[in-house]
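These are the residues of each chain, in order.
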Amino acid sequence: MIELRNASLGYSDLIVLQDVSLQVEPGEVLAVVGPNGVGKSTLVRVASGALRPLSGWAGIDGRALHELPPAQRARLVSVVPQASNLPPAFRAQDVVLLGRTPYLGWLSSEGELDRRAAAEAMERTDTQYLADRRVGELSGGEQQRLLIARALAQAAPVMLLDEPTAHLDLRHQDRVLKLVRRLVAEENLAVLLALHDLNLVSRFADRVALLSDGRVRKIGSPQEVLAPEELADVYGIRIHVMPNPLDGKPLILPGE
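Described below are features of the structure shown in this document. (Residues numbered from 1 in each chain as written. Predicted model: local features only at pLDDT ≥ 70, side-chain atom pairs only at ≥ 80, totals over all residues. Heavy atoms only, no water.)

### Here we look at the sheet that holds strand 4 (residues 55–60)
Ordered by their spatial adjacency, 4 strands build an open sheet running 2-1-4-5, and the pairing between neighbours is antiparallel. The open sheet has two edge strands, strand 2 (14–24) and strand 5 (63–64), and neither has a second partner. Across the sheet, helix 1 (residues 40–48) lies against strand 1 (2–11), strand 2 and strand 4, angled at about 125 degrees from strand 1, the strand it touches most. (Pairing = 2+ DSSP bridges. Helix = DSSP H or I, 4+ residues; strand = E, 2+ residues; numbered from the N terminus. Contact = heavy atoms within 4.5 Å. Axes fitted to C-alpha atoms, helices over the stretch in contact; angles between N-to-C directions.)

### What to know about the environment of V33
Considering the arrangement of structural elements, one finds V33 in strand 3 (residues 28–33). For V33 and L210, which are 177 residues apart along the polypeptide, the C-alpha to C-alpha distance reads 5.1 Å. Ignoring anything within four residues of it in the chain, the contact list for V33 reads K40, L195, L198, V201, V208, A209, L210, L211 and Y235.

### Considerations on the side chain of Q154
When you line up the elements, Q154 lands in the loop between helix 5 (140–153) and strand 7 (158–162). Filtering out sequence-adjacent residues up to four positions away, Q154 remains in contact with A74, V77, S78, G99, P102 and Y103.

### A closer look at helix 6 (residues 170–187)
In this model, helix 6 (18 residues) spans 26 Å end to end at C-alpha, consistent with the 26 Å of a helix rising 1.5 Å per residue. Taken together, the buried positions of helix 6 are occupied by H172, Q173, D174, V176, L177, L179, V180, L183 and V184. Elements that come into contact with the buried residues of helix 6 comprise strand 3, helix 4 (112–124), helix 5, strand 7, strand 8 (190–194) and helix 7 (198–204). For helix 6, the side-chain oxygen to backbone nitrogen distance between the N-cap and R171 is 3.2 Å, and the N-cap itself is D169. Two residues or fewer after helix 6 comes N188, characterised by a positive phi angle close to 55 degrees. (Expected span 1.5 Å × (residues − 1). Buried < 20%, exposed > 50% of the residue type's maximum accessible area, 1.4 Å probe, protein only. Polar contact = N/O pair within 3.5 Å; in protein donor to acceptor, adjacent residues only side chain to side chain.)

### Some remarks on unusual backbone geometry
Unlike most non-glycine residues, D61 shows phi in positive territory, near 50 degrees. As for its placement among the helices and strands, D61 is situated in the loop between strand 4 and strand 5. Even without being a glycine, E163 presents a positive backbone phi close to 50 degrees. Residue position: E163 is located in the loop between strand 7 and helix 6. When its relative accessible area of 8% is taken as the criterion, E163 is described as buried.

### Let's talk about the packing of helix 5 against helix 6
Viewed as axis vectors pointing N to C, helix 5 and helix 6 meet at an angle of 15 degrees, and their least axial separation amounts to 9 Å. Classified by the angle their axes make, helix 5 and helix 6 are roughly parallel. Where helix 5 crosses over helix 6, the handedness of that crossing is right-handed. Residues G141, Q144, R145, I148 and L152 of helix 5 touch helix 6, and the partners they reach there are H172, R175, V176, L179, V180, L183 and E187. (Parallel < 35°, antiparallel > 145°, perpendicular 65-115°, else oblique. Left-handed = near helix turned anticlockwise from the far one by under 90°.)

### Details of the nonpolar core
In this structure, V96, L146, V191 and V201 are the most contacted members of the largest nonpolar core, which totals 49 residues. When residues in this core are grouped by element, the largest group, 7 residues, is from helix 5. Core analysis: the next-biggest nonpolar cluster, separate from the first, contains 31 residues, L4, L9, L17 and V46 among them. (Core = buried A, V, L, I, M, F, W, Y, C linked by side-chain atoms within 4.5 Å.)

Here's what the structure looks like:
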């Protein structure tokens, strides 16, 4: 379980979010939503241990993240950034093998166990056919699945995803998030997901944390949080919410 308790998040003397308390359990997807600039990516950075809270506490299984050595922290928490961060000259299998870095000694190279873990991760994410392709030759959806494969090869019980569907078309958005849901079920992962698209959040999240005005405004199920009065106040526009005729989950429509 990853947890933040009464945490203030930000940079030096700039506080982005205050009094944040949330936790993500194994087998659960918690989606973080809110307007641009509200602090979703900052929250992901704190949850990864890359950024220390200005006050309060952030930890995993009762251990403060900032007190863990980087390699140990990387064995516990994996991060899936947007695919645009990948170097185009890397081969796909080399990107996935980077997930094994926390398990390697100083100046040591990957062994058979690491190559097997990477190969299994690529098979699970349906990227094994890309193994010898250069990243610059891959589509956005292929690159995003590659990043999930890298995180899976890392074998960490917590996975953080920062806008994983950004710049992806509808088909690739659906494939990436269905893959995340499948991995949560099969690997019992705890997943924290920062996402803009509220309809994707409604479909794929177990719980939602709505950020507004530097705080967590509300945490609960999609039905509880993705309510028209909550969303209209946060996003500053009129919001219609109705049951999706396919699955009954909230369907969010902005407009008059």
